[in-house]
Structure formats: C-alpha cells, structure tokens
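Structure at a glance
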Amino acid sequence: MPKYYEEKEEDGRACAGVREDLRQCLLESPCVLQENKSPKQCLREGHCRSLQMTFFACKRSMLDTRARFRGRKGY
C-alpha cells in the first residue's frame, strides 16, 4: 500500500513511491529491528518480497519500448 507524506520533498526519480515503500518495509521489518541485520541481508532472505517484485517490474518497464504507450508499471 503506498504511503504519501505531505511534509517530504518530492522525489523526481522513476519508481520513487515504490522505492520509498520498500525502504520503509525493510526498516520496519522484524529482521532489522529484532535480529539487527542489515536491510540488504533481510532483502536476500525474502522479506518484503511483493514490494521487491513491484520495484523490479517498475524498473524493467523503463527499458521496455512498449512503456511509451502503456506508461510505467508501479505507482
């Protein structure tokens, strides 16, 4: 679910909303908070998998020439 923050600066990069939600999901996961692992390690273990796949699809759609007509995937 996308989280929108009114007081934050607007990130003009592609897939910024998915990137921010993936970052928040990893930082709030029990893997990082309780086990004191790095977010990179938790991502490799499979935490926040759905957001990771959405982020991948968004980044891949930037290279797809059909995205000119359909727009980027993600939010």
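For the structure, see preceding data.
In what follows, the accompanying structure is described. Keep in mind that this is a model prediction, so the values were computed, not measured. (Residues numbered from 1 in each chain as written. Predicted model: local features only at pLDDT ≥ 70, side-chain atom pairs only at ≥ 80, totals over all residues. Heavy atoms only, no water.)

**Digging into the state of the cysteines**
Inclusion rule: Cysteine sulfur atoms that come within 2.5 Å of each other are treated as a disulfide pair. The secondary structure listing takes helices from DSSP runs of H or I that are at least 4 residues long and strands from runs of E that are at least 2 residues long, numbered from the N terminus. Buried residues are those whose accessible area, probed at 1.4 Å on protein chains only, stays under 20% of the maximum for their type, while exposed residues exceed 50% and partly exposed ones sit between those limits.
With the rule as written, the count across this model stands at three disulfides. Linked covalently through their sulfurs, C15 and C58 form a disulfide whose S-S length is 1.8 Å. With the S-S bond torsion at -95°, the cross-link from C15 to C58 turns out left-handed. In this pair, C15 is assigned in the segment before α1 (16-27) and C58 in helix α4 (residues 49-63), connecting sequence segments 43 residues apart. Across the pair, C58 and C15 agree in class, each one buried. The partner cysteine of C25 in its disulfide is C48, sulfur to sulfur 1.9 Å. One disulfide, between C25 and C48, carries an S-S torsion of -95° and so falls in the left-handed class. With a gap of 23 residues between them, C25 in helix α1 and C48 in the loop between α3 (39-45) and α4 connect regions that are remote in the sequence. Along the protein chain, the cysteines engaged in disulfide bonds are linked according to the scheme 1-6, 2-5, 3-4 when indexed in sequence order.

Such coordinate-based values are descriptive only and should not be taken to indicate function.
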